[in-house]
Amino acid sequence: MDDEDTLNSELPVEARTREEEVFLRALLDQCGELDVWPHVTPDGRPWLIVSLDFCEGSTIVETLRLDFEGSAIHGGWSPACLNWDDGVSAADAGIDTSPPDGIALRHDDPSELARAAARWFEHHRTVGRTPRG
């Protein structure tokens, strides 16, 4: 087994870029169990959706999703628990990335993006969806 196989064996999906590896390792070390869905843009750029399901019993009732695109994250509540919006960018799916429930951040360091994403996921794990009034 080479070094790349060893690194990726600890991740839920194979990191396709160094940025994905740094982001996923930092995020999952800080935030624990999340689902990771790899995608590729029509022009060949890799990107990820990272998601957290909120369940009542065995039924998924809400899904928080975050797109990672190398130097940016965009996230909010999935309109369909990632049923029709898996593989669709947050912008194209109409995800509200504004506070208090959304997140949109650019940074050249994927570990900084991971720290912000971990805080965001953990906040919502604790409080759920912010009521709109």
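The shown structure was predicted, so the numbers you read here are calculated from the model rather than taken from an experiment.

K.L.:
How should I be thinking about the overall build of the chain in this particular structure?
P.N.:
For the chain, the count of helices and strands is three helices and five strands. Sequence-ordered secondary structure for the chain, helices as α and strands as β, is α-α-β-β-β-β-β-α. In terms of C-alpha radius of gyration, the chain reaches 14 Å, essentially the compact-globule figure of 14 Å for 133 residues. Dimensions along the principal axes, computed over C-alpha positions, put the chain at roughly 50 × 35 × 25 Å. The buried share of the chain, reckoned over its 133 residues, is 43%. Relative to all contacts within the chain whose residues are 6 or more apart in sequence, the contacts with residues 24 or more apart total 47%. Of the roughly 7,300 Å² that the chain leaves accessible, carbon and sulfur atoms contribute 49%.

K.L.:
Explanation requested: helix 2 (residues 18-31) in the structure shown.
P.N.:
The periodicity of an α-helix, 3.6 residues per turn, causes residues three or four positions apart to be oriented the same way. Between its first and last C-alpha, helix 2 extends 20 Å over 14 residues, near the 20 Å set by a 1.5 Å rise per residue. Every buried residue of helix 2 is accounted for by Glu20, Glu21, Phe23, Leu24, Arg25, Ala26, Leu27, Leu28 and Cys31. Phi turns positive, to about 75 degrees, at glycine 32, one or two residues after helix 2.

K.L.:
Where do I start with the environment of histidine 123 in this structure?
P.N.:
Relative to the assigned elements, histidine 123 resides in helix 3 (residues 110-127). Given a relative accessible area of 38%, histidine 123 falls into the partly exposed group. Sequence spacing of histidine 123 and aspartate 101 is 22 residues, and the spatial spacing of their C-alpha atoms is 9.4 Å.

K.L.:
Please clarify how the sheet that holds strand 2 (residues 46-56) should be interpreted in this entry.
P.N.:
By way of backbone hydrogen bonds, the strands of a sheet pair with one another, either parallel or antiparallel. Across the sheet, which stays open at both edges, the five strands sit in the order 1-2-3-4-5 with antiparallel pairing between neighbours. Both outer strands of the open sheet, strand 1 (35-40) and strand 5 (103-106), are each paired with one neighbouring strand and no more. Ignoring which end each strand starts from, the neighbouring axes of this sheet average 20 degrees apart. Sheet analysis places strand 2 next to strand 3 (residues 59-68), joined by nine bridges and oriented antiparallel. Bridging across to strand 3, serine 51 finds its partner in arginine 65. Most of the contacts of helix 2 go to strand 2, to which it runs at about 25 degrees, and overall it touches strand 1, strand 2, strand 3 and strand 4 (72-77). Those strands touched by helix 3 are strand 2, strand 3, strand 4 and strand 5, and its axis lies near 160 degrees from that of strand 3.

Rules of the game
- Each chain has its residues counted from 1, following the order in which its sequence is written.
- Only residues with pLDDT of at least 70 are given local features in this predicted model, and only at 80 or more are side-chain atom pairs given and counted; all residues enter the totals for whole chains, interfaces and linings.
- Just so you know, side-chain values use all the structure's heavy atoms and leave hydrogens and water out.
- Helix and strand assignments come from DSSP, with helices taken as H or I runs of at least 4 residues and strands as E runs of at least 2, each series counted from the N terminus.
- It is over C-alpha atoms that the radius of gyration is taken, and the globule rule equals 2.2 Å times the number of residues to the power 0.38.
- Burial here depends on accessible area, computed with a 1.4 Å probe over protein chains only, as a share of the maximum for the residue type. Under 20% is buried, over 50% is exposed, and the range in between is partly exposed.
- In this description, contact between two residues means that some pair of their heavy atoms is separated by no more than 4.5 Å.
- For every accessible area listed, the method is Shrake-Rupley and the probe measures 1.4 Å; residues are considered covered only by the protein chains on display.
- Helix span, expected: 1.5 Å multiplied by one less than the number of residues in the helix.
- By the convention used here, strands pair only if DSSP detects at least 2 bridges between them.
- Axes here refer to lines fitted to C-alpha atoms; in helices the fit is confined to the stretch in contact. Angles between the N-to-C directions go from 0 to 180 degrees.

Keep in mind these numbers describe shape, not what the thing actually does.
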